[in-house]
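# Fold and geometry: a report
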Amino acid sequence: MRLPSPRGPVTELLLGRLVRPPDGHALPLDVAGAELTDPDLQLALFVCYELHYRGFQDVDDRWEWEPALLAARAALERRFEEALASAVPRPAVEEPGGVRGALNELVAAAADPSLSKFLAQQADREQFREFVVHRSIYHLKEADPHTWAIPRLAGGAKAALVEIQSDEYGGGRRERMHSELFRATMRGLDLDDSYGAYLGQVPGVTLMISNAMSLFGLHRRLRGALVGHLAALEMTSSLPNRRYANGLRRLGGDADAVRFYEEHVQADAVHEQIAAHDLCGGFAAANPPLAGDVLYGAACALELERLWAGHVLACWESGITSLAEGAIGGVSAVRTGKEGPDVAFGA
């Protein structure tokens, strides 16, 4: 992956520095007052975090632990955490034994913009491709952000997380890794399946979702929020993925293209129980002061997904693209009216 284009003054300064070797000079990144979904803030944070994953071809790997960059990232994170706190009310602290029930209540009360229903019943081919482009930012590294928690847990909670992550990584078989299954979905939609190919075309609201996972994963103090975040994703996965699979089949998707969603229908029905009971329940029992963090992480996952889905649907209802810019091999930047569903995906 190569560095994307800047989205504003913050990323213009950051990206301009990252293409040169570290020199110890400060990076004064001013994000005071930035909104939660601000693309300049979110892209800057995503780029900083990506140095801990696969990095960029045009960035010296020494930047990962460069003190000046870590100080700049801390400023970005402070603003991100402030914006998260404003957008996501912190659930009431539960006794450790009540965490599982509280998670169920959070999931039941979560607002549903019905994006999965739209994709199942109404979306045309280009809209489904846009949806997959958005999701590629996360799904091509699917399990990695939550894997940061493994060395930070112990006992039953650690074993539960490893069990979930083992499935995400295909049980040791490359072709069954969920990221590989998603690449097959992208190829079935004539999309570029290389890692980070569409980083420059997704809006801040999409980057925000991945950044929350990395924020929770890269800070030990937020490990409770990370396991709660994972539980919320697992507990809300099976039904939407069944709808995504139905929508893809309706549009002519073949077995390879649909397999990613079908795999999640089955796997996440099991993961839901492990995540809520063994992972979160076990973690809260072992770390009672962090029970509230578990619920906050779950609440963040649910609210950020709601904001993202609302953005996508609002754009489509207005006849415009939900992406940030340009076109993706036939996905127009602006639509000019309602379109009927396409029935074939092409080669």
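Calculation criteria
Residues numbered from 1 in each chain as written. Predicted model: local features only at pLDDT ≥ 70, side-chain atom pairs only at ≥ 80, totals over all residues. Heavy atoms only, no water. Core = buried A, V, L, I, M, F, W, Y, C linked by side-chain atoms within 4.5 Å. Buried < 20%, exposed > 50% of the residue type's maximum accessible area, 1.4 Å probe, protein only. Helix = DSSP H or I, 4+ residues; strand = E, 2+ residues; numbered from the N terminus. Contact = heavy atoms within 4.5 Å. Axes fitted to C-alpha atoms, helices over the stretch in contact; angles between N-to-C directions. Parallel < 35°, antiparallel > 145°, perpendicular 65-115°, else oblique. Left-handed = near helix turned anticlockwise from the far one by under 90°. Nonpolar A, V, L, I, M, F, W, Y, C, P; charged D, E, K, R; others polar. Arc of directions from axis to C-beta.

Core analysis: the largest hydrophobic core is formed by 112 residues, its most contacted members being F128, F131 and Y261. Counting residues per element, this core draws most heavily on helix α14 (residues 291-317), at 15 residues. In this structure F128 touches L119, L189, Y244, G247, L248, L251 and Y261, once residues within four positions along its chain are discounted.

In this section: the packing of helix α2 (residues 39-50) against helix α10 (residues 204-218). Remark: α2 packs on α10, axes separated minimally by 9 Å, with the N-to-C direction vectors making an angle of 40°. As far as their axial angle goes, α10 and α2 are oblique. Note that α2 runs across α10; the crossing there is left-handed. Along its contact with α2, which presents P39, Q42, L43, L45, F46 and Y49, the element α10 presents G204, L207, M208, S210, N211, S214, L215 and L218. When grouped by side-chain class, the residues that make up the contact of α2 with α10 number nine nonpolar, five polar and no charged.

Three or more residues of helix α1 (residues 9-18) are buried, namely V10, T11, L14, L15, R17 and L18. Buried residues in α1, looked at end-on, bunch into an arc of 160°, giving them a common side. α1 presents P9 and E12 as exposed residues on the side facing more than 90 degrees away from its buried surface. Among the structural elements, α2 and α3 (67-87) are those in contact with the buried residues of α1.

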